[in-house]
Amino acid sequence: HCIVMDNARNIEISGITCVVRSRTWMIQMKDSRFITFDNVKVIGGSDANANQDGMDWLGGGDTVVRDVFIRAADDVFAMQGNWDGYSHEAMIAPGHDVTNITIENSVLSTSISNIVRAAWPEKIFNSANFTLRNSDVIHMGIGACGIPFALLDFWATNGATGHTSGYHFENLRLEDWYSLLQIEQPNPSVRDISFKNIWAIETPSLVPSTLLGDVDGITFDHVRLAGKVIASNADIPLNLESGAKQPAYSNAAPHAAFTYSTGVLGPRKKVSFDATSSGPHIRTYEWSFGDGSTAKGRKVHHKFPDASGTLWDGSGRFRVTLKVTADDSGTDWLYQPVVVSNTFYDSDSNAGTDPGLNYAYYESASLDSLAQQNPAATGVAPRIDSSPRKRNDNYAIVFDGFLNIPVDGGYTFTLLARDSAKLEIDSVAVAVSPKPFAQVCSSPGNAMQATIGTLGLRAGRHAIRVQMTHTTGSSDFAVKWQGLGLPLSDIPPTALSH
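Right, let's walk through the structure included here.

### Looking at the overall build of the chain
Helices and strands together make up the secondary structure of the chain, namely one helix and 39 strands. Here the chain has a C-alpha radius of gyration of 24 Å; the compact-globule value for 498 residues is 23 Å, and the two agree. Principal-axis analysis of the C-alpha atoms gives the chain an extent of 75 × 55 × 40 Å. Looking at the chain residue by residue over its 498 residues, the buried ones come to 55%. By sequence separation, contacts in the chain at least 24 residues apart represent 75% of the contacts at least 6 residues apart. Carbon and sulfur atoms make up 47% of the accessible area of the chain, which totals about 19900 Å². For the chain, the centre of its 39 positive side-chain charges and the centre of its 51 negative side-chain charges are spaced 5 Å apart.

Right under this line is the structure:
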């Protein structure tokens with residue numbers, strides 16, 4: 001361990017760095033209170049991607065954590081009443097309360113698992129008054145352990161009991177994130193959970209969030225996921241099960257919005273940005289162009305230096321963000337990808353115009369072997385998803401046809417897949433899914449992964465080919481697009497033809 005406390009009181013730890021390579025919890029506090037961590041860096045790198053939590057409370061609390069950096073290989077923050085092993089007798093032993101924890105002004109990352117977890121199957125304890133605010137999550141866990149990983153996770157099943165209340169999340173920016181919240185509390189109870197001023201950029205939620213059981217008093221106030229301020233369960237998306245109560249949605253914050261120059265955008269070409277549609281009563285506009293440059297003002301101009309993109313990966317995709325501050329000091333953030341390219345592909349004047357894409361369905365889960373197989377079924381699909389499948393395990397689908405591009409410009413495509421997948425436009429490999437990532441704790445199938453690619457395209461129809469395979473587990477699969485005037489969204493049937 002990096003730091004261990006057992007019944008400690010009145011401890012302040014500041015200005016240290018821990019590097020932990022073992023498969024173990026890094027900071028563990030048992031029944032300890034009145035603890036302060038200030039300017040502490042905790043860096044882990046467990047090859048097993050498990051059991052390397054950032055901070056754990058086993059009873060206790062009254063803890064302030066500020067200005068910390070934590071890179072974990074499991075839950076970043078975890079709360080339990082006790083922990084004396086995985087035996088049934090140890091799991092059901094009642095634990096002590098965990099209360100009064102504040103985490104602020106910090107940077108958090110985990111290779112797998114949750115940012116915040118309270119509860120575990122069979123465990124018995126109460127928790128209250130947890131706050132995470134004014135912080136950045138630069139990487140969240142991927143996949144599932146019984147339930148999907150999330151910003152906030154309660155997994156209180158198999159007889160677990162306890163009362164949980166007063167968990168508050170405010171002014172957080174999420175990047176490389178998986179899902180917002182997963183709460184399964186069949187026995188009493190979860191109350192008073194709030195999310196306020198949350199910005200999750202670039203990708204949508206990769207899997208739905210869930211509220212299950214005796215869960216009530218969940219509120220969302222100005223939560224913006226992938227550019228959209230959520231106003232309903234469908235916007236997250238969020239499932240309610242086994243009596244969970246409907247959350248409340250509100251939005252009293254200002255609204256950031258901007259447009260930029262239409263047409264072909266090349267290196268060193270002046271691009272105009274206009275945030276006039278933001279409002280109301282905006283006092284300041286702060287821009288970051290993703291190439292190290294910034295600007296202030298409602299209308300600004302910028303020249304991107306090259307077509308390498310923010311990540312220097314040759315994509316041409318620059319991460320442009322706008323932060324607006326209103327007269328009442330309320331803020332909002334908006335991200336849009338701006339694609340700068342040296343090459344823009346012409347449309348196909350001979351493209352077919354019949355609705356939908358041709359598909360071929362195979363009862364195999366290997367893209368490499370499809371060329372040597374005959375499809376088990378063929379037809380026309382109205383959209384790109386897994387609905388043409390004839391079974392839930394071990395299959396592949398190939399879509400072919402045309403994609404209608406509305407205006408000249410750079411377009412960003414997001415491929416969401418659990419197994420192998422590939423998106424080609426005009427015979428260019430725009431997005432290829434990484435190696436499948438197996439879920440843990442006996443959760444079936446692989447994690448959902450997002451792969452982002454960009455291409456410069458002229459208005460009109462372009463050849464599109466999408467290939468996907470699926471082995472086991474959930475069959476969700478999607479291709480989304482984004483461009484000038486197009487928010488991140490599923491490609492609509494009206495844009496597809498054959």
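### Some remarks on the pairing of strand β7 (residues 69-72)
Every second residue of β7 is oriented toward a common face, the buried set being Ile70 and Ala72 and the non-buried set Phe69 and Arg71. Bridge analysis of β7 against strand β10 (residues 107-110) gives four bridges, and the strand direction is parallel. Across the sheet, the residue bridging to Phe69 is Val107, located in β10.

### Looking at the state of the cysteines
Scanning the entire structure with this criterion turns up two disulfides. In this model, Cys145 is linked to Cys441 through a disulfide, with the two sulfur atoms separated by 1.9 Å. A torsion of -85 degrees about the S-S bond marks the disulfide between Cys145 and Cys441 as left-handed. Of this pair, Cys145 sits in strand β13 (residues 144-145) while Cys441 sits in the loop between β34 (428-432) and β35 (449-457), and the two are 296 residues apart along the sequence. Among the residues examined, Cys145 registers a relative accessible area of 10% and is labelled buried. On the basis of relative accessible area, Cys441 is assigned to the partly exposed category, the value being 47%. Assigning the bonded cysteines of the chain consecutive numbers by sequence position, one obtains the connectivity 1-2, 3-4.

### A short note on the nonpolar core
Core analysis: the largest hydrophobic core is formed by 68 residues, its most contacted members being Phe37 and Phe169. By residue number, the principal contributor to this core is strand β17 (residues 181-200), which donates seven residues. Each residue touching Phe169, except ones within four places of it in the same chain, is listed here: Val116, Phe130, Leu132, Leu151, Leu152, Ser194, Phe195, Lys196 and Ile198. Grouped together as the second largest cluster of nonpolar side chains are 32 residues, Tyr361, Tyr395, Leu403 and Ile405 included.

### Side note on the environment of Lys299
With respect to the helices, strands and loops of the structure, Lys299 is situated in strand β26 (residues 299-303). Here the alpha-carbon distance between Lys299 and Thr276, two residues 23 residues apart in the chain, equals 7.5 Å. Among residues more than four places away in sequence, those in contact with Lys299 are Phe273, Asp274 and Thr276.

### Some remarks on the sheet that holds strand β32 (residues 409-417)
Taking strand neighbours across the sheet as the criterion, the four strands line up as β35-β32-β37-β38 in an open arrangement whose pairing is antiparallel. The open sheet has two edge strands, β35 and β38 (486-490), and neither has a second partner. Taking the axes of each pair of neighbouring strands and ignoring which way they run, one obtains an average angle of 15 degrees across the sheet. Strand direction decides the pairing type here: β32 and strand β37 (residues 478-483), joined by five bridges, are antiparallel. Across the sheet, residue Thr414 finds its bridge partner in β37, namely Lys480.

### Observations concerning the sheet that holds β26
The strand order β22-β23-β26 describes an open sheet built from three strands, whose pairing is antiparallel. Since the sheet does not close on itself, it has two edges, and those belong to β22 (259-260) and β26, each with one partner. Bridge count between strand β23 (residues 270-274) and β26: five bridges; the pairing is antiparallel. Residue pairing in the sheet places Phe273 in a bridge with Val300 of β26.

The rules behind the values
Residues numbered from 1 in each chain as written. Predicted model: local features only at pLDDT ≥ 70, side-chain atom pairs only at ≥ 80, totals over all residues. Heavy atoms only, no water. Helix = DSSP H or I, 4+ residues; strand = E, 2+ residues; numbered from the N terminus. Rg over C-alpha atoms; globule rule 2.2 N^0.38 Å. Buried < 20%, exposed > 50% of the residue type's maximum accessible area, 1.4 Å probe, protein only. Contact = heavy atoms within 4.5 Å. Areas by Shrake-Rupley, 256 points an atom, 1.4 Å probe, with all protein chains shown as cover. Lys, Arg positive; Asp, Glu negative; His and termini not counted. Charge placed at Lys NZ, Arg CZ, Asp CG, Glu CD. Pairing = 2+ DSSP bridges. Disulfide = S-S within 2.5 Å. Core = buried A, V, L, I, M, F, W, Y, C linked by side-chain atoms within 4.5 Å. Axes fitted to C-alpha atoms, helices over the stretch in contact; angles between N-to-C directions.

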